[in-house]
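Architecture at a glance
Here is what each chain is made of, one letter per residue.
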Amino acid sequence: MQSESGDHAFTVEVVDTPETRAQGLMYRQELADDAGMLFDFQEERPVSFWMRNTFIPLDMLFIEADGTILNIHVNARPHDTTSIPSEGPVQFVLEIPGGRSDELGIAAGDTVEHPRITAAQ
């Protein structure tokens with residue numbers, strides 16, 4: 001991930017089927033500071049998430065097909081069923097530990113690199 005504060009590397013698990021996307025990070029008890037989950041929706045479209053059955057706070061980075069971060073929801077609350085939407089069509093969502101995007105200075109307009117994202121361009 002490239003931001004004004006530099007490059008930041010995360011080890012991500014990719015989920016790209018309806019079943020794996022529905023499961024996401026539910027029921028996980030921890031997530032390393034440099035870990036995350038990359039959701040690939042296979043096409044750009046508006047998406048929304050919730051935190052039902054999720055035990056750890058998460059930052060959600062909504063990413064366009066070209067790797068540009070469209071918007072970020074910081075510190076989604078565990079177990080909250082409130083919808084968290086993208087602000088427009090995205091192909092990817094990267095979930096990382098809650099607060100990490102602020103800690104690292106990651107913001108909308110920054111770019112994310114991953115083989116999946118490169119292939120989508």
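It should be noted that the structure appears before, not after, this text.
Overview of the structure. (Residues numbered from 1 in each chain as written. Predicted model: local features only at pLDDT ≥ 70, side-chain atom pairs only at ≥ 80, totals over all residues. Heavy atoms only, no water.)

A separate point is the sheet that holds strand β3 (residues 11-15). Spatially, the five strands line up as an open sheet ordered β3-β4-β9-β6-β7, and their pairing is mixed. Across the chains shown, the open sheet's two edge strands, defined by having one partner strand only, are β3 and β7 (69-76). Averaged over all neighbouring strand pairs, the angle between strand axes comes to 20°, with direction disregarded. Examined bridge by bridge, strand β6 (residues 58-63) and strand β9 (residues 90-97) share six bridges and lie antiparallel to one another. For Leu 61, the partnering residue across the bridge sits in β9 and is Leu 94. (Pairing = 2+ DSSP bridges. Helix = DSSP H or I, 4+ residues; strand = E, 2+ residues; numbered from the N terminus. Axes fitted to C-alpha atoms, helices over the stretch in contact; angles between N-to-C directions.)

A few words now on the environment of His 8. Following the sequence through the fold, His 8 ends up in the loop between β2 (6-7) and β3. Its relative accessible area of 14% is what places His 8 among the buried residues. The sequence separation of His 8 and Asp 34 amounts to 26 residues, and the corresponding C-alpha distance is 8.6 Å. Apart from residues lying up to four places away in sequence, His 8 is in contact with Met 1, Ser 3, Leu 104 and Ile 106. Separated by 3.2 Å, the side chains of His 8 and Ser 3 make a polar contact. Separated by 3.3 Å, the side chain of His 8 and the backbone oxygen of Leu 104 make a polar contact. (Buried < 20%, exposed > 50% of the residue type's maximum accessible area, 1.4 Å probe, protein only. Contact = heavy atoms within 4.5 Å. Polar contact = N/O pair within 3.5 Å; in protein donor to acceptor, adjacent residues only side chain to side chain.)

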